Amino acid sequence: VIQYFWSDKGIDKRALNIIDGSGLSPQNRVTAEALAKVMLFARKRPWYDVFYAALPVYNGIKMKSGTIGGAKTYTGYIKSKNGKEYAFAIMANNFSGSSSSINKKLFEVLDSLK
């Protein structure tokens, strides 16, 4: 059902591998492109302002984090130097090292977009 819903919104069904409804299965997989498209979809909905306000701020960016077994993801909205806001998703999967070291690297990439 989830795959068909998002497929109707322009997201390839192969970009979503949903095993359970909790989102906690290590077999669940969603591509970064699919996450970014979900964020773009949200921007056009009547509830967007409430959704946006509910997003936490990390590193000066409105975004949500996700972590499970060697994978770290951020998705949200980032403002560039010219003031334009972009939807984004960034992932690190099967990384070596500490969670704090991968966070530092991901924030370096995100900071370059600001």
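The paragraphs below set out a description of the structure included in this document.

What counts and how
- Numbering of residues starts from 1 in every chain and runs along the sequence as written.
- Local features in a predicted model are, by the rule used here, given only for residues with pLDDT of at least 70; side-chain atom pairs are given and counted only at 80 or more, and totals for whole chains, interfaces and linings are based on all residues.
- With hydrogens and water set aside, each side-chain value is computed from the structure's full complement of heavy atoms.
- Here a strand is any run of E in DSSP of at least two residues, a helix any run of H or I of at least four, and the numbering for each starts at the N terminus.
- Taken over C-alpha atoms, the radius of gyration is set against a globule rule of 2.2 Å times the number of residues to the power 0.38.
- When accessible area is computed with a 1.4 Å probe and restricted to protein chains, residues below 20% of their type maximum are described as buried, those above 50% as exposed, and intermediate ones as partly exposed.
- The Shrake-Rupley method, run with a 1.4 Å probe, gives the accessible areas here. Residue values count only the displayed protein chains as cover.
- Charged residues are defined here as Lys and Arg on the positive side and Asp and Glu on the negative side; His and the ends of the chain fall outside this count.
- The location of each charge is read from NZ of Lys, CZ of Arg, CG of Asp or CD of Glu.

Description of the overall build of the chain
The secondary structure content of the chain amounts to four helices and six strands. Element order for the chain, N to C, with α for helix and β for strand: α-β-β-α-α-β-β-β-β-α. The C-alpha radius of gyration computed for the chain amounts to 15 Å, which stays within 12% of the reference 13 Å derived for 114 residues, consistent with globular compactness. Projected onto the principal axes, the alpha-carbon positions of the chain cover approximately 35 × 35 × 20 Å. Burial statistics for the chain: of 114 residues in total, 31% are counted as buried. Carbon and sulfur atoms make up 57% of the accessible area of the chain, which totals about 7,400 Å². In the chain, 17 side chains carry a positive charge and 8 a negative one; their mean positions are 2 Å apart.

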